[in-house]
Amino acid sequence: GRLALEQLRRGAAPRACETAARKLNIGVDIIQHGVEGLVYLLTESSKLMISEVDFQDSIHVLGFSDELNKSLLQLYLDNRKEIRSILGELAPRLPSYHSLEWRLDVQLASRSLRQQIKPAVTMKLHLNQNEDQTAQVLQTDPATLLHLIQQLEQALGEMKMNHCRRIVRNMK
Amino acid sequence: MELSPYAQGGWRLLGDPRRFPRRPFAALLRAAFRSLLDHPQAGLDDPDLKDIDPTVLKHCHAAAATCILEAGKHKADISAISTCLEDCKLDKERIEIFCTEYQKNKDALEILLGSIGRSPLHITDVSWRLEYQIKNNQLHKTYQPSYLVTLNVENSDSGSHPDVSFSCTMEQLQDLVGKLKDAAKSLERATQM
């Protein structure tokens, strides 16, 4: 069980399998296959989020002892959440929001025009993409800023609308 | 407000009634303003200008455009412009024609000059999409709402730029909107000071 979980977290560890094989006095291959089988069982069960009953029915067909079945079930339930979060990281992803810094600027002059008063909001948008963090510098004027706020507040409000609530309820 | 010797030379030609009678003078000024504000080629095909020697025309057009841009850049007032043109030996009537034309086009000129320059990518609009994830090929029954936000951005140099897109959860979007509202509030406070 332990080997299977370590394999899920960090990848295969052939030396650990060898140690286990020596201790139990069986071939390394058997250990490795056993570990891989266990890994497959745990990931598929966690991926599908199957219930206890379904899990027990599935492994019953393997013909193990009751005690072994119970420990397998326990192994599944104890580690399901962690396995699901590991699997979740494998899904395709767009850059995701991390944070935003902002600053208020007033442009007073430029090479082509003196004596200006031009307010602007300068922002640094921090995004995460596959473990890299990128920062992008952006700027906007006051009118667009208010427009952005209004649009995004509308977006937030959508989740509270009846339509979305109904779908979320029915999907579960 | 100062003009280069080349520009001053052009204005001296413009001030000469033998080279530039009144109608071509007015036509050239109009052409200079239009070529800066509307279209680079505009105005030089005015029939009033057809009798002027092309080299002289080119010199004077450049001089007029230089003066217009310098006046716009420094937000020069009428007296400054008048002084400058007097130094080029222009008579009062011609100076007044120029100043009238300048006043008419002052605002458009200011907008044009203000828009030249470098700045970070400018956000022009935002679009968003709300989705509810059910499953993916690695994980089923995910049941999570997520937002996809796209910021339309413009580059001051080239005009367009690929948009900035990112996904976020509801909490993250709330954080973003909160920060934008802080910025707007401090903007409001700054304008009241």
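Residues numbered from 1 in each chain as written. Chains lettered and ligands numbered in written order. Predicted model: local features only at pLDDT ≥ 70, side-chain atom pairs only at ≥ 80, totals over all residues. Heavy atoms only, no water.

**Some words on the overall build of chain A**
To keep it simple, the criterion reads: What counts as a helix is a DSSP run of H or I of at least four residues, what counts as a strand is a run of E of at least two, and both are numbered from the N terminus. Just to be clear, the radius of gyration here is over C-alpha atoms, and the globule rule we use is 2.2 Å times residues to the power 0.38. Burial classes follow relative accessibility: with a 1.4 Å probe on protein chains only, a residue under 20% of its type's maximum area counts as buried, one over 50% as exposed, and anything between as partly exposed. The contact definition used throughout considers only heavy atoms, calling two residues in contact when any of these lie within 4.5 Å. Accessible areas in this description were obtained via Shrake-Rupley with a 1.4 Å probe; residue shielding takes into account the shown protein chains only. When charges are counted, Lys and Arg contribute as positive and Asp and Glu as negative, whereas His and the chain ends are disregarded. All charge positions are set by atom: Lys at NZ, Arg at CZ, Asp at CG, Glu at CD.
Helices and strands together make up the secondary structure of chain A, namely seven helices and three strands. The secondary structure elements of chain A, listed N-terminal to C-terminal, are α-α-α-α-α-β-β-β-α-α. Expected size for 172 residues packed as a compact globule is a radius of gyration near 16 Å; at 27 Å, chain A overshoots this value by more than 25%. Counting across all 172 residues of chain A, residues that qualify as buried make up 33%. In chain A, the proportion of contacts linking residues at least 24 apart, taken out of those at least 6 apart, comes to 45%. Element-wise, carbon and sulfur atoms account for 53% of the exposed surface of chain A, whose accessible area totals about 11400 Å². The positive charge centre, built from 22 side chains, and the negative charge centre, built from 20, are 8 Å apart in chain A.

**Here's the deal with the nonpolar core**
Residue and element names in this part refer to chain B. Note the cut-off: Here, the term nonpolar core denotes a set of buried Ala, Val, Leu, Ile, Met, Phe, Trp, Tyr and Cys residues that are joined through side-chain atoms within 4.5 Å.
Ranked by internal contacts, the top residues of the largest apolar core, which has 36 residues, are Trp11, Leu14, Phe20, Ile81, Leu85 and Phe98. Where this core is concerned, the elements lending two or more residues are helix 1 (5–15), helix 2 (22–37), helix 3 (54–73), helix 4 (78–87) and helix 5 (92–114). Of the residues forming this core, the biggest block, eight residues, is contributed by helix 3. Residues in contact with leucine 14, not counting those within four places in the same chain, are Phe20, Phe25, Leu28, Cys60, Ala64, Leu90 and Arg94. Counting residues in hydrophobic clusters, the runner-up holds 33 residues, among them Leu151, Leu173, Val177 and Leu187.

**Considerations on a positive patch on the surface**
The line we're drawing: Patch criteria: residues need more than 30% relative accessible area and no salt bridge. Like-charged residues are merged within 9 Å; nonpolar side chains of Val, Leu, Ile, Met, Phe, Trp and Tyr are merged within 5 Å. Salt bridge, as used here, is a side-chain nitrogen of Lys or Arg placed within 4 Å of a carboxyl oxygen of Asp or Glu.
A grouping of A:Lys160, A:Arg165, A:Arg166 and A:Arg169 is seen on the molecular surface, where their side chains present a positively charged patch. Judged by relative accessible area, A:Arg165 falls into the partly exposed class, the value being 45%.

**A look at helix 4 of chain B**
All names here are of chain B. Short version of the rule: What the arc measures is the spread of directions leading from the helix axis to the C-beta atoms.
Restricting attention to buried positions, one finds in helix 4 the residues Ile81, Ser82, Cys84 and Leu85. Along the axis of helix 4, the buried positions cluster into a sector of 165°, meaning they face one direction only. Remark: lysine 89 follows helix 4 within two positions and exhibits a positive phi of approximately 65°.

**So, unusual backbone geometry**
Residue and element names in this part refer to chain B. Phi at lysine 89 is positive, roughly 65°, even though this residue is not glycine. With respect to the element layout, lysine 89 can be found in the loop between helix 4 and helix 5. Residue classification places lysine 89 among the exposed positions, given a relative accessible area of 63%. At lysine 141, a residue that is not glycine, the phi angle is positive and equals roughly 55°.

**Focus: the side chain of B:His61**
Tracing the backbone through its elements, the reader meets B:His61 in helix 3. In contact with B:His61, other than residues within four places in its own chain, are B:Leu28, B:Ala31, B:Ala32, B:Ser35 and B:Leu44.

**Quick word on the UniProt feature "domain: COMM" (unreviewed entry) in chain A**
To keep it simple, the criterion reads: UniProt positions are given in the numbering used here, feature names are shortened, and annotations may be inferred rather than shown by experiment.
The UniProt record annotates "domain: COMM" (unreviewed entry) at residues 96–163 of chain A. Helix makes up 28% of residues 96–163 of chain A and strand 49%, with an end-to-end C-alpha separation of 26 Å.

**Some remarks on the pairing of strand 1 (residues 121–133) of chain B**
Put simply, the rule is: We call two strands paired when DSSP finds no fewer than two bridges between them.
Bridge analysis of strand 3 (residues 132–140) of chain A against strand 1 of chain B gives two bridges, and the strand direction is parallel. Residue pairing for strand 1 of chain B: A:Leu138 is matched across the bridge by B:Leu121. Note that strand 1 of chain B and strand 2 (residues 144–154) of chain B share 11 bridges and pair antiparallel. Considered in strand 2 of chain B, the bridge of B:Ile123 is made with B:Val153.

**Focus on the packing of aromatic side chains**
What counts here: Working definition: rings of Phe, Tyr and Trp (its six-membered ring) pair if their centres are within 6.5 Å, and the pair is stacked with planes under 30 degrees apart, edge-to-face with planes over 60 apart, and tilted otherwise.
Inspection of the entire model under this criterion finds six aromatic pairs over all chains. With 4.6 Å between their ring centres and 5° between their planes, A:Phe55 and A:Tyr76 make a pair best called stacked. Taken together, the residues A:Phe55 in helix 4 (residues 52–60) and A:Tyr76 in helix 5 (residues 66–88) connect sequence positions 21 residues apart. Exposure class is identical for A:Phe55 and A:Tyr76. Each is buried. Ring geometry for B:Tyr132 versus B:Tyr143: centroids 6.5 Å apart, planes at 15°, classification stacked. One end of the pair, B:Tyr132, is in strand 1; the other, B:Tyr143, is in the loop between strand 1 and strand 2, with 11 residues separating them in the sequence. Members of the aromatic cluster, connected to one another through ring pairs, are B:Trp11, B:Phe33, B:Phe98 and B:Tyr102.

**Observations regarding the packing of helix 6 (residues 142–158) of chain A against helix 6 (residues 170–192) of chain B**
What counts is decided by this rule: Note on definitions: angles span 0 to 180 degrees between N-to-C directions of axes, and those axes are lines fitted to C-alpha atoms, for helices only across the stretch in contact. Note that the term roughly parallel is reserved for angles under 35 degrees, roughly antiparallel for angles over 145, roughly perpendicular for angles of 65 to 115, and oblique for everything else. Put simply, a crossing is left-handed when the front helix is turned counterclockwise from the back one by less than a right angle, and right-handed when it is turned clockwise. Gly is placed with the polar residues, together with every amino acid not listed as nonpolar (Ala, Val, Leu, Ile, Met, Phe, Trp, Tyr, Cys and Pro) or charged (Asp, Glu, Lys and Arg).
One way to put it is that helix 6 of chain A packs onto helix 6 of chain B with a least axis distance of 10 Å and a crossing angle of 150°. The orientation of helix 6 of chain A with respect to helix 6 of chain B, classified from their angle, is roughly antiparallel. For helix 6 of chain A against helix 6 of chain B, the interelement crossing comes out left-handed. Where helix 6 of chain A approaches helix 6 of chain B, its residues A:Pro142, A:Leu145, A:Leu146, A:Leu148, A:Ile149, A:Leu152, A:Glu153, A:Ala155 and A:Leu156 are matched on the opposing element by B:Met170, B:Leu173, B:Gln174, B:Leu176, B:Val177, B:Leu180, B:Lys181, B:Ala183, B:Ala184 and B:Leu187. Across the contact of helix 6 of chain A with helix 6 of chain B, the residue classes tally to 16 nonpolar, one polar and two charged.

**Description of the pattern of salt bridges**
All names here are of chain B. Under the defined criterion, the tally for this structure stands at nine salt bridges over all chains. A salt bridge links aspartate 16 to arginine 18; the nearest nitrogen and oxygen atoms lie 3.4 Å apart. Classification of arginine 18 by relative accessible area gives exposed; the value is 75%. Arginine 129 serves as the salt-bridge partner of glutamate 131, at 2.8 Å between the closest nitrogen and oxygen. Residue class for glutamate 131 comes out partly exposed when judged on its relative accessible area of 28%.

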